[in-house]
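Spelled out, the chains give:
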Amino acid sequence: MKRRAGEREKELKKKKLLEELGENRLPYMTPADADFHQLWKTKYSKLIFRKSDTIPEELHQMVQEGFLTLRKHDCFFQDLVRIKGKDFVTPVSRILIGNPGCTYKYLNTRLFTVPWPTEGYDIKYCSPRVHDACKALIRLNDYLHIEAVKALQGQNLFESKEIKDSTVIDREQNFATSFMEKGSVSKDQSSCCVSEDDYISLKNRTSYNLTLLNYMDPLQMLYLKQEPYFGMGNMAVSWHHDENLVERSTVAVYSYSCEGSAVEESNEQKLNGRDPAIWHVGLKVAWDIETPGLAIPLHQGDFYLMLDDLNMTHQHCVLAGFSPRFSSTHRVADCSRGTLEYIFGQCELALQNLQTDSESMALSLKSLETAVVKQVEEIHNETSLVLSEVGKEEQIEEQRNETLSCFLLVLTERQKLRKEWTARRTAVFTVLFPNLIYSWEGI
């Protein structure tokens, strides 16, 4: 219910914004505009951009070879997502790689990680080259973690207006150097630089546990949606906030546009300020028609960071160029309810209300308390056992009615989910086998 209410609210905001615009378009800036950097500094200061020459060449090579390997092994897939109650196949193909057992949910679709090499886990890959690709991505993950820590430290210094304090600067430079040298920091090491609370917050907001890899060849797309507010052109990914993240965590994005595949410049009229042949990331203040947007070109090997609450206060989109492009988007996903460990824990919790008769080995429920029944039924369906217990003569009528009322609410919600997933399965077959579905419906 909360999710649907949120979707309705966003749709109303979008409708209102488009109505206010009418046939007009909002202004936006690129690096070619004189006021671009001033706008960035005042309205988009929590976006940090780094050019490719700031990253070690060895890392570039490993990661880019990894992208090509994963595509060669057919590891990228288009996702079936649900937007406003309708199912769509994404124009971008994706694969989720990260900590073993982690998942990531976006647009009502949950993805499961292909685990990257992790100490203590015996992970088997279909090919040594796929292993190397996943290893390259965890190397990139570690590098971007360090860069995010340094960027947040710099942001904190700027916001606290202590940038002129040489003592503070020295401490923070030493802290960042420690990260560069060791790739992580212990609690003891951090105590001389930041408080305990700051250390925990810093770690929670930059310890990426997965990366969502994206691939798209724009020239293979029959249709790409046009950017509706600024007239920025073809979009690979529409305006959005990233979902399912730890609050105020940093998102890091590494971009790789394939060399040698760009098409010659088109004869069509160029968009104002943006070269349509080049991939861009677009940013805007959420639901705002006063502040100009930004369109920042993405060249091979560039990366950017969205710090702190930028992902909540602003929206971003990806504007397609002409060449195929990979990206690796590193996130601190909220896995409190989305890991294999969590699922096992929930199963164990549900089993605590089961007991087995020592002679007949028949199963029964230990408790029919409303809270217990509700909790167990939300985890696992024990319909027959609940009905068996409430049907016993010794059950008090009031307790029986209370249990059944609670039980029916859970069953109703589960039935709604079953119908939703049945519809989505049909949508999958419609996309994959349109002729088969058409024939089946005509029978």
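Keep in mind that this is a model prediction, so the values were computed, not measured.

Thoughts on a nonpolar patch on the surface
On the surface, I83, F88 and L107 cluster together into a nonpolar patch covering about 220 Å² of accessible area. Residue placement: I83 occurs in strand β3 (residues 77-83). Taking the relative accessible area as the measure of exposure, I83 reaches 34% and is therefore partly exposed.

Some points on the side chain of H330
Note on placement: H330 falls in strand β15 (residues 325-331). Judged by relative accessible area, H330 falls into the buried class, the value being 0%. Excluding anything up to four places from it in sequence, H330 contacts L137, L140, N141, L144, Y208, L210, T211, T250, V251 and A252.

A few points about the packing of helix α9 (residues 340-351) against helix α10 (residues 370-379)
Packing of α9 against α10 leaves a shortest axis separation of 9 Å and a crossing angle of 140°. With respect to α10, the element α9 is oriented oblique. Remark: the crossing between α9 and α10 carries left-handed chirality. Here Q346, C347, L349 and A350 of α9 come into contact with α10, specifically with Q375, V376 and I379. For the contact of α9 with α10, a count of residues per class yields five nonpolar, two polar and no charged.

Remarks on α10
For α10, every residue scored as buried is listed here: V373, V376 and E377. Here the buried residues of α10 occupy an arc of 95° about the axis, which is enough to place them on one side. Opposite the buried face of α10, at more than 90 degrees from it, the exposed residues are A371 and E378.

So, the pairing of strand β13 (residues 303-306)
A two-sided burial pattern is seen for β13, the buried positions comprising F303 and L305 on one face and Y304 and M306 on the other. Two elements, strand β2 (residues 47-50) and β13, share four bridges in a ladder whose sense is antiparallel. Looking at β13, one finds that R50 is bridged to F303. One ladder, built from four bridges, connects strand β10 (residues 251-257) with β13; its direction is antiparallel. Residue pairing for β13: A252 is matched across the bridge by L305.

Some thoughts on the sheet that holds strand β12 (residues 293-297)
If you walk across this open sheet you meet the five strands as β1-β12-β11-β14-β9, and the pairing is mixed. In the strand order of this sheet, the two ends are held by β1 (28-29) and β9 (235-240), each with one partner. Pairing geometry for β1 and β12, over two bridges, is parallel. Following the sheet pairing, Y28 is matched in β12 by G293. Sheet contacts for helix α2 (residues 36-43): β1, β12 and β14 (314-319); angle to β12, the most-contacted strand, approximately 115°.

Here we look at the pairing of β3
As paired elements, β3 and strand β4 (residues 86-98) share six bridges and run antiparallel to each other. Bridging from a neighbouring strand, Q78 pairs with S93 of β4. The hairpin turn running from β3 into β4, its antiparallel successor, is two residues long, and K84 in that turn takes a positive phi close to 50°.

Focus: the nonpolar core
Counting residues in each nonpolar core, the largest one holds 37 residues, and the members touching the most others are W40, L47, Y104, A236, L294, I296 and Y304. If sequence neighbours within four positions are ignored, W40 has contacts with S45, L47, F49, L294 and I296. Residues I55, Y143, A148 and V149 belong to the second largest nonpolar core, which totals 36 residues.

Some details on the pattern of salt bridges
Going through the model one piece at a time under the given rule, you end up with eight salt bridges. One salt bridge in this structure joins D87 and R82, with 2.9 Å as the shortest N-O distance. Judged by its relative accessible area of 22%, D87 is partly exposed. Note that D308 and R205 form a salt bridge whose closest N and O atoms lie 2.8 Å from each other. Of this pair, D308 sits in the loop between β13 and α8 (310-313) while R205 sits in helix α7 (residues 196-206), and the two are 103 residues apart along the sequence. R205 carries the same exposure label as D308, and that label is buried. Overlapping salt bridges bring together K46, R205, R248, D308 and D309 as one network.

Looking at the environment of Y125
Tracing the backbone shows Y125 in the loop between β7 (114-115) and α4 (128-159). With 11 residues separating them in the primary sequence, Y125 and V114 have C-alpha atoms 9.5 Å apart. Apart from residues lying up to four places away in sequence, Y125 is in contact with P115, W116, P117, V130, H131 and C134. Of note is the side chain of Y125, whose polar atom sits 2.6 Å from the backbone oxygen of P115.

Points about the confidence of the model for the chain
Predicted coordinates in areas of low pLDDT are best not read in detail. Averaged over every residue, the pLDDT of the chain is 81; residues scoring 70 or more account for 77%. With pLDDT under 50 throughout, residues 166-192 is counted as low confidence; its partners more than four residues away or in other chains account for 38 contacts. Here residues 261-269 is modelled with pLDDT under 50, and outside its nearest four sequence neighbours on either side it reaches eight contacts, counting other chains as well.

Looking at the packing of aromatic side chains
A ring pair, where both rings are aromatic, is described by two values, the distance of the centres and the angle of the planes. Taken as a whole and assessed by the stated rule, the structure comprises 12 aromatic pairs. Relative to F230, the ring of Y28 has its centre 6.4 Å away and its plane inclined at 80°; by these criteria the two rings are edge-to-face. Here Y28, found in strand β1, pairs with F230, found in the loop between β8 (210-216) and β9; they are 202 residues apart in sequence, far enough to count as distant. Residue classification places Y28 among the buried residues on the basis of a relative accessible area of 10%. Between Y104 and Y106, the aromatic rings sit 6.4 Å apart at their centres with planes inclined by 20°, giving stacked as the arrangement. Judged on exposure class, the residue Y104 and its partner Y106 are both buried. Members of the aromatic cluster, joined through ring pairs, are F67, F76, Y215, Y254, Y256 and F326. Its guanidinium or amino end placed over the ring of W239, K284 lies 5.4 Å from that ring's centre, counting from NZ or CZ. Geometry around W287 places K284 over its ring, the cationic atom sitting 5.1 Å from the centre.

Conventions and cut-offs
- Residues numbered from 1 in each chain as written.
- Predicted model: local features only at pLDDT ≥ 70, side-chain atom pairs only at ≥ 80, totals over all residues.
- Heavy atoms only, no water.
- Patch = residues over 30% accessible without salt bridge, like charges linked within 9 Å, V, L, I, M, F, W, Y side chains within 5 Å.
- Areas by Shrake-Rupley, 256 points an atom, 1.4 Å probe, with all protein chains shown as cover.
- Salt bridge = Lys/Arg side-chain N within 4 Å of Asp/Glu carboxyl O.
- Helix = DSSP H or I, 4+ residues; strand = E, 2+ residues; numbered from the N terminus.
- Buried < 20%, exposed > 50% of the residue type's maximum accessible area, 1.4 Å probe, protein only.
- Contact = heavy atoms within 4.5 Å.
- Axes fitted to C-alpha atoms, helices over the stretch in contact; angles between N-to-C directions.
- Parallel < 35°, antiparallel > 145°, perpendicular 65-115°, else oblique.
- Left-handed = near helix turned anticlockwise from the far one by under 90°.
- Nonpolar A, V, L, I, M, F, W, Y, C, P; charged D, E, K, R; others polar.
- Arc of directions from axis to C-beta.
- Pairing = 2+ DSSP bridges.
- Core = buried A, V, L, I, M, F, W, Y, C linked by side-chain atoms within 4.5 Å.
- Polar contact = N/O pair within 3.5 Å; in protein donor to acceptor, adjacent residues only side chain to side chain.
- pLDDT = per-residue confidence, 0-100.
- Phe/Tyr/Trp six-rings, centres within 6.5 Å; stacked < 30°, edge-to-face > 60°.
- Lys NZ or Arg CZ within 6 Å of the ring centre and 35° of its normal.

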